[in-house]
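# Examining the three-dimensional arrangement
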Amino acid sequence: MTAQPETMGDGLITYELDGDIAVIGLNRPDKRNALSDRFVIALGQAVARATTEARAGVIHGHGKNFSAGLDLAEHSEKPLFEAVKGSRLWHRTFESIELGEIPFVAAITGAAVGGGFELASSTHIRVAEESAFFALPEGTRGIFVGGGGSVRISRLIGPARMGDMMLTGRSVSASDMERWGGVSYVVEDGTALTRARQIAHRMAENAEFTNYAILNALPRIADMSADDGLFTEAMVASLATMTPEAKQRLKDFLEKRAAKVQAPTS
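Below you will find a few notes about this structure. Along each chain, residues carry numbers from 1 onward, in the same order as the chain's sequence is written. Reporting of local features is limited, given that this is a predicted model, to residues whose pLDDT is at least 70; pairs of side-chain atoms are given and counted only at 80 or more, and all residues count toward the totals for whole chains, interfaces and linings. Excluded from the side-chain calculations are hydrogens and water; all other atoms, namely the structure's heavy atoms, are used.

### Quick look at the pattern of salt bridges
- We define a salt bridge as a side-chain nitrogen of Lys or Arg found within 4 Å of a carboxyl oxygen belonging to Asp or Glu. Counting across every chain of the model gives 14 salt bridges.
- Taking the shortest distance from any N to any O, the salt bridge between Arg49 and Glu6 comes out at 3.0 Å. Taken together, the residues span a long stretch of sequence, with Arg49 in helix α1 (residues 37–53) and Glu6 in strand β1 (residues 6–8) at a distance of 43 residues.
- A salt bridge links Asp71 to Arg28; its shortest N-O distance comes to 3.0 Å. Remark: Arg28 occurs in the loop between β3 (21–26) and α1 and Asp71 occurs in the loop between β4 (56–61) and α2 (72–75); sequence separation between them is 43 residues.
- Between buried and exposed lies partly exposed: a residue is buried under 20% and exposed over 50% of the maximum accessible area for its type, with that area taken using a 1.4 Å probe on protein chains only. The class of Asp71 is buried, set by a relative accessible area of 12%.
- One network of salt bridges, in which partners are shared, links Glu6, Arg49 and Glu53. Helix and strand definitions here come from DSSP, where helices need a minimum of 4 consecutive H or I residues and strands a minimum of 2 consecutive E residues; each element is numbered from the N-terminal end.

Encoded structure:
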């Protein structure tokens, strides 16, 4: 039975354990879930907790929007070094999602703007509703991405498209973002969270070591030379095969207790 969500970080985050997945909600709907440092600290605490008691996670926004990004009122008052430290805080928190121990799905509704898009890009699968939109208005605000977007978003959609979004401030639809590679699934309005939960439950069924290797080996291999990447792949593949869970799963398949891969349905 699904427990009722509890709150963390003075109510900025909701946290729910749904079987083997953790559902983390951004809970500042009156501000379109704009992200402050305090908000990011609470998010990091929820992610750390999820890592200890779940096998996959979902991040979503309460209200109409995923997140409208950086809380500009807070940011505009920061001295230079405080701004640097704030950016590095975001980096550490989002890295704990991207290169953590369990996979995360972002359920995107409404705005995924600036820091909200940066947060979404740190998750492993992004599910966006048809009416969702993405923007990087930093150029019009006189600022620059500070939550890891220059690396993560650029790798998802390419530096030219990211630069276009930052220079023009234009919004990009969910369908275009899927075509660009920034979104994994586009779903009907009102269904993103349900679909994200389904995907998270499916990922939670995987072998834990394989999930960990996918999260941590793939992005590092992408930064290596081909030869180094192939060597690393051989090491990780061999380690994965040696785990007791993998041995049992392979035995189940060979003895016809596991389902075969099926063709996709329309």
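### Concerning the pairing of β4
- When you tally the buried positions in β4, you get six out of six residues, the bulk of the element.
- Here β4 shows no split at all, with Ala56, Val58 and His60 on one side and Gly57, Ile59 and Gly61 on the other all buried.
- Strands pair, by our definition, only if DSSP identifies at least two bridges between them. Relative to β4, β3 runs parallel, the two sharing six bridges. Pairing of Ala22 across the sheet is with Gly57, part of β4.
- Orient the strands so they point away from the viewer; a crossover is then right-handed if the path from the first strand over the helix to the second runs clockwise. Viewed along the sheet, the connection from β3 through α1 into β4 turns out right-handed.
- Direction of pairing for β4 relative to strand β5 (residues 104–108): parallel, over a ladder of four bridges. Considered in β5, the bridge of Ile59 is made with Ala106.

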